[in-house]
Each structure stands twice: as C-alpha cells, then as structure tokens.
Amino acid sequence: CASCAARVERVLARQPGVLSASVNFATARAVVELEAEVGDAQELEEAVRKIGYGLRKADVSTEKRRHDAEAEAFRRQRRITVWAAAFTLPILVLGMSGIGGEWGRWLQALLATPVQFWFGAQFHRAALARARTFGANMDTLVSVGTLAAFGYSAVGLFTGEPLFFDTAAVIVTLILFGRTLEARAKGRASEAIRKLVELGAKEATVLREGEEVRVPAESVERGDLCVVRPGEKVPTDGVIVEGSSSFDESMLTGESIPVDRGPGEEVFGATLNGEGRVVIRATRVGRDTALAQIVRLVEEAQASKAPVQHLVDRVAGVFVPVVLIVGAGTFAAWLLLGADLAAAVRNGVAVLIIACPCALGLATPTAILVGTGRGAQLGVLFKGGDVFERSRTVDVVVFDKTGTLTRGEMVLTDVVTDPSQVDTFMRRVASVEAASEHPVARAVVAGAEQRGVRPVSVSDFRALIGRGARALVEGVEVVVGRETLINELSLDVPTHHAEALARLEAEGKTVFLAAWEGAVQGVVAVADTLRDTARDAVREFSALGATVVMMTGDNRITAEAIALELGIERVHAEVLPEGKAAEVRRIREEGHVVAFVGDGINDAPALVEADLGMAVGTGTDVAIEAGNIVLRSGEPRLAVIALRLARRTFRTIGQNLLWAFGYNVAAIPLAALGFLDPMVAAATMAFSSVSVVTNSLRLRGAP
C-alpha cells in the first residue's frame, strides 16, 4: 500500500551513494539517482529485500515480464475472491439467521477457517513480513482486525459468547474483491504504455547476401538493410535507400494523415507502410529508436511525483501506526465505558478496517498514470509530475514564430504578371532560380513545378549575393532579384507591378522582381506559411484564459502581418536568440505564469526560463531536452491539448485527494464511535480505492 511505498523510498534514500529516490505506488516503480561512481544496484536490492520487499532493475524484458506478472496476478486474485465469496455466503446466512443452533455455530467456524487462513493468507504473510522489520502497512490492519474477530469467535464457541465469524469472513472477501477491482482498474490505467510497447514490429525482413530473411525485429542491427512491404510496420528507425511510399506516423505524432517519404528521408520504427515497397538502412535500434524514447519519457513521467504527492507520502508513512493506536484506544475506551467485550472488539475492528491509506496512495499516481498515457496517445509527452501542477496557473502562452506557428520553410505564395504569359514567366524565373541553392530559390522552383512548369537549362548564370541572380534562358537574359538590384540596373518598373510589390511587402512576404528585355515582367513573393491549426490554437488559448504572445527574430513588418492574420495582439519582433529568454523573464516579472512553445536550438534558453516549456518534437534535440512537455506534432493546437489535458489531470488529482482525505477524516471517528459495522467498513474501504482509480480513468477520454 502507500505506506509500503513510503517505507521503501526511505530505505532506498538512506543507502550509500544514493542522491535521490522516488517510489511510485501505482506503477510499482522506483527511480533512484546514484552518484557517478556507484554503478551496481545489488546493494539496493539487498536493502529492500531485508525489509520484506523485492527490487529488480527495469529494462525492456523486465517490463514485459512485469506486465505479464500483473495480468497473472489479477487472474489469481479473481480466482481467490470467487472461492472466498463461495465460502463466505453460507457463513453470512448462518450468522444472520441463527439457523442450526450449536451445529450452525461450528459450521460457521469450519467455513470461516479457510477464508481466514487460506484465501486471506496474503494479508497475514505481508503483515508478518512487515512485523519482522518492525513495520506495518494496510495488510497489518486487515490481518490484526480479522484475527481479532476470528479469535474472539473461536473462544466464543466454547463460552457461548456472540460470534464474529461472518464479520471476519466478509471483511476478507470484500477486501479481496476491492483488490481485484483495483488491480483491474490499475491495469486499464497503464494500458497506454503497454500499447506503446506493443506497437513495435515483431518481425523484420533483412537483406543478407542478397537474400530476404525474416528475423525477430529486436535482432536488427544498425546498418542492416530491411525490406518493408505495403501494409507492414517499419521494424526500426532508418533511412530509405530504395523506393518511396506514404507512412502512417499517427502513433508518433498523433497526425492521422499519412506522410510521403522517399530516398534519403528518415522513417521511424512501428510506423505503417502504406503503399510502396521500400528498403531502409537501420540507423537506430533497440532503446535508441523514437518509439523507445517515447516509452522511456512516458515511464519517467509516470514514475515521477507531483509536489503535492510528497505531503501524501509523509501522511501515509505514519498513517498505519497511528491507526493501530487509535484502534487499540477505541477497544480500551469502550471497555472502560462499560461496554461488553463483543462491542469493544467490533468497534476496534471497524477502526482498523475502515482506515485506508491505499486511496491516499493512489490519488496522485493513478491520475498521472492515466493522464500521461492519454497524452502519449494524443502526441503529448509530459516529462514530470510537476508539469500538471504548473499548468493550472498559466496565463500567458509565448509562441516562437518560425517552425511553430509557421511551417519554417518558404513556399511560393504570389505570382503577379501578364495573364497571357504566366507559363513563360514562371519557366524563366524558375530556370534562373534552379541554378541557385538559396532556400527562396528552392521555394520558387517547387512552386513552379506544382503549377506544372518545369525549369530549363541556363547559361552564363551569375549569383549576385544578397540582391538576386541573372542568367541566359532561352537566349534571353533574365534578371531575378530585389528592388535594389532592379534600380541598380535602371530597369523600368510598371506602376501596377510597383503597387503589387508594395502590397506584398506590407503583408510581410519576401518579394522580388523578374525582368528581361529592359523591363520588369512580373512580381514573385514567397513566405513562411501558417500551420493549419495556428488560428484555432490562438482562439482556444484565449478561451482558456491565456494571452497569446508571438516572439520572433523576423522584422517587425513580417511579424505584425502574421500576428494580424492570427489575431495576436502582443508581438515581440527582431528578438535575438539570446534575447528570447530575457523577454520571457520580463513577462514573468510582470506577475504572469508563462508557457513557451518553441522548436529550435535558439529556443532552449526560453524553454528553460518559462514556467512551462513546450518543445515541438519535430524540432531540435536540444529544444526537446529543455522542454517540460514534448509535442510530437508541429501543429500549434497540440499545445492547447497539452495544457487542457495537464489542467484536467491536476483537477483529477485534487478530486482524488479530497475524496481520500475526506473519507478517512469522516470514517475513522464514525467507526470509533460505534456507528459503523466492520462489514460495512470493509465494503466502504474497498470502494474508496476503486473510486479513486475509476475517477482517474475518466481521463482516458480527455481532453
């Protein structure tokens, strides 16, 4: 239970070489930070074994074994519960009806014995293990309470006192039933991580000496050539060396639209090949693949704790000993007040059984478990439990522009020329630009090809750095460049082209002119276009009560044009990379809680400076490392989903803690005052844990 987790955590933290230790009750996972020179976990395993628990180092194989063991434990728990119920039902009938007289009392004892000592053995074994190390947990409360009821009844067989065999048996059965439901609910809560692990391909087709050989996917090595046919999963991360196809990458990015990939482009393990046969060269295998890194991030987040959990851990650590004292005090008080022995036993047992640190222990980790799992399904990776607490007060969201609100790549947006010569104009402009390596030139060529126009060969090409280029195309000298180049060459600019130039520049686009035969023939504009969900993101953040700010190194005209299009009122333009963190700090000093969304290396300082850093997963590794949240897709609306899910997860944690604390505060005094029968207490205790987990499971449908 929660007090067990707290005790293991304390023991681990006290070991030599341990810098920090965190034990998560819901996931049965410990994260231990060791000094650099300490590389062996054997001493940790021994220390945990001495206090009656087990510890083993986690890896891919142990994770699979753990999931299998959890499934088997659930099935075993269900069998035990069914058998316990089959024995308990007749005990309950006999105890409440008084059927059978003396032989009925002995039949109750006969049926209750296997329930107490066989089906309920797990409680007594655990309690004994804790007692050997002078510890106590929830099992201790159940064991002491039911043994007290059973022992009093055993004596009562010979003295004619009232029997509590039905109470002991019902308590054991109800708590077994509660644990079965809890195991099932916790299993459902961790489904997301299990499904992520299972997403990977099971087999791969590898080229060995020119022959295609089927091998287990985990045996693929870096550098192997793998054949992936239509409908098959990519076995590992790699680069396409032959063929092209579309790939369903929704398991990584959350985007349902397939992405086209060709030779030289990267593909990721577990993505689905749609239509063409491709050959890939494996570049990352095993724990280095994108899928493995996602799983690792989710596991680390699920094993982490929200700050509020530390208070819960301190309470859980002393809870059971306090309850044992309160239970004994209740028994003694009722005797001193003149109650009979049966009433004193009943009320003391009710106190022991009603007290449930499990609900407290499950309140925070199960919400984080389900919230992070749901995030992984949506393409949002949370990197720690503190993220959820920080999210609730965010009131300013700062977006880096390039690559975040925009696509980060130039595209051809406008062509202004005589309608009768559009094809000729585009062919000549694209032909000059095809000889250049500049990103703007590539955008023009790509735009021309999309319009069905292909460049032709040129001669006498000259690049005019910072101004444009010129070349002979189809025997005609063509000049493509900025207005400054056109003015230098004293070329004529028709009025309508000058007006188009001014209009497009006012929209923040990169504009240049194309001229031949002594005059400007047309205007071409390129721009970094908005992402599909950028407008939706701004609108939805406003609905959440957050002000959206755009920050960019671009010139103010371009920045303000894009901000106007998006409906963003606050813009910081011409901000140098090192200035982004300073701007974020200044906004925080104004009293705001800031989330920053960025994707580049220059965004890393701002991501760290912000209260909540959201790194776009399509960006650089440095930015991803700096963020608190990783967005696997570049679409801005995913940042809205992340904030909404984080807030809902924290709200669920609050609801769980309110129920768990309120339950114990109210229930223990009621039991001590004699208002709760031990059987009712057992049912209520089981319900409290299940209700906390079930409430957390509602996050599976978020946001």
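(A) Spatial organisation of the packing of helix α4 (residues 101-119) against helix α6 (residues 138-159). Contact geometry for α4 and α6: axes closest at 11 Å, N-to-C directions at 150 degrees. Judged on the interaxial angle alone, α6 and α4 are roughly antiparallel. Two packed elements cross with a definite hand, and for α4 against α6 that hand is left-handed. Counting all contacts with α4, which are made through Glu-102, Arg-105, Trp-106, Ala-109, Ala-112, Thr-113, Gln-116 and Phe-117, the residues of α6 involved are Thr-146, Leu-147, Phe-150, Gly-156, Leu-157 and Phe-158. Looking at the contact of α4 with α6 residue by residue, the class counts come to 8 nonpolar, 4 polar and 2 charged.

(B) Broad picture of the environment of Ala-109. Mapped onto the elements of the fold, Ala-109 is located in helix α4. Expressed as a C-alpha distance, the spacing of Ala-109 and Phe-150, which sit 41 residues apart in the sequence, is 8.6 Å.

(C) Representation of the packing of aromatic side chains within the structure. According to the stated counting rule, one finds 7 aromatic pairs in the structure shown. Between Trp-106 and Phe-158 the ring centres are 5.6 Å apart and the planes differ by 85 degrees, which places this aromatic pair in the edge-to-face class. Taken together, the residues Trp-106 in helix α4 and Phe-158 in helix α6 connect sequence positions 52 residues apart. When its relative accessible area of 40% is taken as the criterion, Trp-106 is described as partly exposed. Ring centres of Phe-150 and Phe-165 lie 5.2 Å apart, and the angle between their planes is 70 degrees; on these two criteria the pair is classed as edge-to-face.

(D) Quick look at the pattern of salt bridges. Summed over the entire model, instances satisfying the criterion amount to 32 salt bridges. Two residues, Arg-277 and Glu-212, come together in a salt bridge whose shortest N-O distance is 3.1 Å. Taken together, the residues Arg-277 in the loop between β10 (272-273) and β11 (278-284) and Glu-212 in strand β4 (residues 211-216) connect sequence positions 65 residues apart.

(E) Spatial organisation of the packing of helix α12 (residues 341-354) against helix α25 (residues 637-672). Put simply, α12 and α25 touch, their axes get as near as 8 Å, and they point 170 degrees apart. Viewed along their axes, α12 and α25 adopt a mutual orientation that is roughly antiparallel. Facing α12, whose interface residues are Asn-347, Ala-350, Val-351 and Ile-354, α25 presents Tyr-663, Asn-664, Ala-667, Ile-668, Ala-671 and Ala-672. Of the residues that constitute the contact of α12 with α25, the class distribution is 8 nonpolar, 2 polar and no charged.

Parameters at a glance
Residues numbered from 1 in each chain as written. Predicted model: local features only at pLDDT ≥ 70, side-chain atom pairs only at ≥ 80, totals over all residues. Heavy atoms only, no water. Axes fitted to C-alpha atoms, helices over the stretch in contact; angles between N-to-C directions. Helix = DSSP H or I, 4+ residues; strand = E, 2+ residues; numbered from the N terminus. Parallel < 35°, antiparallel > 145°, perpendicular 65-115°, else oblique. Left-handed = near helix turned anticlockwise from the far one by under 90°. Contact = heavy atoms within 4.5 Å. Nonpolar A, V, L, I, M, F, W, Y, C, P; charged D, E, K, R; others polar. Phe/Tyr/Trp six-rings, centres within 6.5 Å; stacked < 30°, edge-to-face > 60°. Buried < 20%, exposed > 50% of the residue type's maximum accessible area, 1.4 Å probe, protein only. Salt bridge = Lys/Arg side-chain N within 4 Å of Asp/Glu carboxyl O.

Honestly, it's all geometry; don't read function into it.
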